[in-house]
Amino acid sequence: MTKEYEISERYFYLPDSEFTEIMRMAGEKKDIISLGPGEPDFTTPKHIIDFAKKKLDEGYTHYSPPVGRSETREAIVKKLKKDNKIKVDPEEIIVTCGSQEALFLGILALVDPGEKVLVPDPSFLAYIPMVETITGVPVSVPLLEKNGFEFDPDKVRQLIDKRTRILLINTPGNPTGRILKKKTLEELADIAVEHDLVIFSDEAYEKFVYEKNKHISIGSLNGMKDYVITFHSFSKTYAMPGWRVGYAAGPKDIIKSMTRIHMYSALCAPTISQLAAIEALNGSQKCVEDMRREYDRRRKLIVKRIKEIPKMSCLEPEGAFYVFPNIKAMKMKSTEVVRLFLKEARVLTVPGTEFGRYGEGYIRMSYATSYEKIEEAMDRIENTIRKCKV
Ligand SMILES: Cc1ncc(COP(=O)(O)O)c(C=O)c1O
């Protein structure tokens, strides 16, 4: 008889998503093209890998201070000033195991049980579970296609009450690929000041911005320094997801609280990854521009193809590497469409509902996959839709 364990109640807050089953099915099939990835298909640029190898040979295999190595934080200070127009001191930065850990630490540091976090919906699928596991209350802020998947400031105001602590934003956005405009950011900034909220600004995709669009960090707006924690990642910008390194920049007292929690959980971000991060920031940025250009080429292809396919439409992605097509005309649930594409077209996509209930009627397609594979995947999807007459 196998022993039964009493798993904590907290665990049962975590969603048991239908997509897990879809991914299992995808794993069993041959010849699947995945438009599912949430990570770059590129390998980390060679100069970063070479630098890290050298540092390993030099013996950098030890722990680092919980808050992060000082030279890493100094490189981040410079980067934030130059790229994001955010002026911070090294004590206002913590280096973490990816930005996801930083987000979790931020929530742990600020939210008591029963307190609320405003979460865009649809948005990155880890936000809601993070709030739920610590028995905080996530409150969905609908991002509607008719508003360009932008925040509606009046709606945000309506959702705030005395228990609201955090307003989470993500630009460029996963899964919508949209960028929050300066006017929206200014309005959200006013709301945060009015209601004494902390804004969590997740900018993981900041460098993948297309056409004339511009990424603006809300933390750079006048008077916002005390109200914003900015979260950045090396995973997307430098194709370093497996290195697990990211950081948060914000008010010193919050960073200090996050650091204490980090010290008793992960202890520190991997030392070698923190060193590689310095090379990433200080080395040539051509690798980032090369990846951005390639994503842009694929973005144009996938958008063109979606527009040609019956019963699918999309708002043009302005950033990140996702497109979020509307499939409402197919008159099927998002999960059913994903299952159909998997079964008939052998293409893996992600149901919009993975990103929140307002994701119903949409699917996410990632273009962090080669141009040729995207072409083939879109051919297969088009044939399936025409053949099945859905
Ligand atoms: C919006 C967003 N934020 C954060 C993350 C996590 O990134 P990291 O690898 O830095 O933890 C992801 C990963 O997909 C993401 O899409």
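Since this is a predicted model, take the numbers as computed values, not measurements. The residue numbers shown here count from 1 along each chain, following its written sequence. Note on the predicted model: pLDDT of at least 70 is required for a residue's local features to be given, and 80 or more for side-chain atom pairs to be given and counted; whole-chain, interface and lining totals, by contrast, use all residues. Heavy atoms from the whole structure form the basis of all side-chain values; hydrogens and water molecules are not counted.

1. Focus: the domain arrangement of the chain
Residue ranges for the domains originate in an automatic or database domain assignment. The domains assigned to the chain are domain 1 (9-44 + 287-388) and domain 2 (57-282). The C-alpha centroid of domain 2 is placed 25 Å from the C-alpha centroid of domain 1. Throughout, a residue-residue contact means that at least one pair of heavy atoms, one from each residue, lies within 4.5 Å. Tallying the contact residues gives 37 residues for domain 1 and 38 residues for domain 2. Carbon and sulfur atoms make up 61% of the surface buried where domain 1 meets domain 2, a total of about 3300 Å² over both sides. Accessible-area loss on putting two parts together, using a 1.4 Å probe and summing over both, is the definition of buried area adopted here. Per-residue buried area on domain 1 facing domain 2 is highest for Leu315, Glu318 and Tyr358; these three make up 22% of the total on that side. In the sections that follow, a salt bridge refers to a side-chain nitrogen of Lys or Arg positioned within 4 Å of a carboxyl oxygen of Asp or Glu. The interface formed by domain 1 and domain 2 contains 3 salt bridges. Close ionic contact of Glu211 with Arg299 constitutes a salt bridge, the shortest N to O distance being 2.7 Å. A 3.5 Å cut-off defines polar contacts: any pair of N or O atoms within that distance qualifies, except that in protein one atom must be a possible hydrogen donor and the other a possible acceptor, and neighbouring residues in sequence count only when both atoms are side-chain atoms. Inspection of the region where domain 1 meets domain 2 yields 21 residue pairs in polar contact (both at pLDDT 80 or more). Among the elements of the structure, helix 10 (286-308) and strand 9 (322-323) are those that each provide at least two residues to the side of domain 1 that touches domain 2. A helix here means a DSSP run of H or I that spans at least four residues, while a strand means a run of E at least two residues long, and both kinds are numbered starting from the N terminus. In terms of residue count, the dominant contributor to the side of domain 1 that touches domain 2 is helix 10 (7 residues).

2. A short note on the pattern of salt bridges
Enumeration according to the criterion identifies 37 salt bridges in this entry. Among the ionic pairs, Arg157 bridges to Glu194, the shortest N-O distance being 3.0 Å. A residue pair is termed long-range when its members are at least 10 positions apart, and Arg157 in helix 6 (residues 153-159) and Glu194 in helix 7 (residues 182-195) qualify at 37 residues. Glu318 is paired through a salt bridge with Arg178; the nearest N and O atoms lie 3.7 Å apart.

3. Looking at unusual backbone geometry
Note on backbone geometry: most residues besides glycine have negative phi, and most peptide bonds are trans. Residues Asp121 and Pro122 are joined by a peptide bond in cis, for which omega reads 10 degrees. For Pro122, the position within the fold is in the loop between strand 3 (116-121) and helix 5 (127-133). Backbone geometry at Phe149 places phi at a positive 60 degrees, although glycine is not the residue there. Tracing the chain through its elements places Phe149 in the loop between strand 4 (137-142) and helix 6. At Lys311, a position not held by glycine, the phi torsion is positive, near 65 degrees.

4. Points about the environment of Ile22
With respect to the helices, strands and loops of the structure, Ile22 is situated in helix 1 (residues 18-28). The class for Ile22 is buried, based on a relative accessible area of 0%. For the pair Ile22 and Pro90, spaced 68 residues apart in the sequence, the C-alpha separation amounts to 44 Å. When near neighbours in sequence (up to four residues on either side) are disregarded, Ile22 contacts Thr335, Val338, Arg339, Leu342, Leu348 and Pro351. Relative accessibility under 20% of the residue-type maximum defines a buried residue, over 50% an exposed one, and the middle range a partly exposed one, all with a 1.4 Å probe and only protein chains included.

5. Focus: the pairing of strand 7 (residues 228-233)
A large share of strand 7 lies buried, amounting to 6 of its 6 residues. Neither face of strand 7 is open: one carries Val228, Thr230 and His232, the other Ile229, Phe231 and Ser233, and all of them are buried. Sheet analysis places strand 6 (residues 198-202) next to strand 7, joined by 4 bridges and oriented parallel. Looking at strand 7, one finds that Phe200 is bridged to Ile229. The sheet contact formed by strand 7 and strand 8 (residues 246-249) spans 4 bridges and is antiparallel. Strands are treated as partners if at least two bridges between them are detected by DSSP.

6. Topic: the sheet that holds strand 7
Spatially, 2-8-7-6-5-3-4 is the arrangement adopted by the 7 strands of the open sheet, whose pairing is mixed. What marks the edges here is a single partner per strand, and that holds for strand 2 (93-96) and strand 4. Each neighbouring strand pair of the sheet contributes to a mean axis angle of 20 degrees, computed without reference to strand direction. Direction of pairing for strand 3 relative to strand 4: parallel, over a ladder of 6 bridges. In the strand pairing of strand 4, Lys116 is matched with Val137. Angles run from 0 to 180 degrees between N-to-C directions of axes, and those axes are lines fitted to C-alpha atoms, restricted for helices to the stretch in contact.

7. Description of the pairing of strand 2
Alternating residues of strand 2 divide into Ile93 and Val95 and Ile94 and Thr96, and every residue in both groups is buried. Of the pairings in the sheet, the one linking strand 2 to strand 8 comprises 4 bridges and is antiparallel in character. When the sheet's bridge partners are listed, Ile94 is paired in strand 8 with Ala248.

8. Focus on the packing of aromatic side chains
Any two rings among Phe, Tyr and Trp, with Trp reduced to its six-membered ring, count as a pair given centres within 6.5 Å; such a pair is stacked if its planes are under 30 degrees apart, edge-to-face if over 60, and tilted if neither. Summed over all chains, the structure comprises 16 aromatic pairs. An angle of 90 degrees between the planes, with centres 5.4 Å apart, marks the rings of Phe124 and Tyr127 as edge-to-face. With relative accessibility at 1%, the residue Tyr127 sits in the buried group. A centroid spacing of 6.4 Å and a plane angle of 40 degrees characterise the contact between Phe208 and Phe321, whose relative ring orientation is tilted. Within this pair, whereas Phe208 is found in the loop between strand 6 and strand 7, its partner Phe321 is found in the loop between helix 10 and strand 9, the two being separated by 113 residues in sequence.

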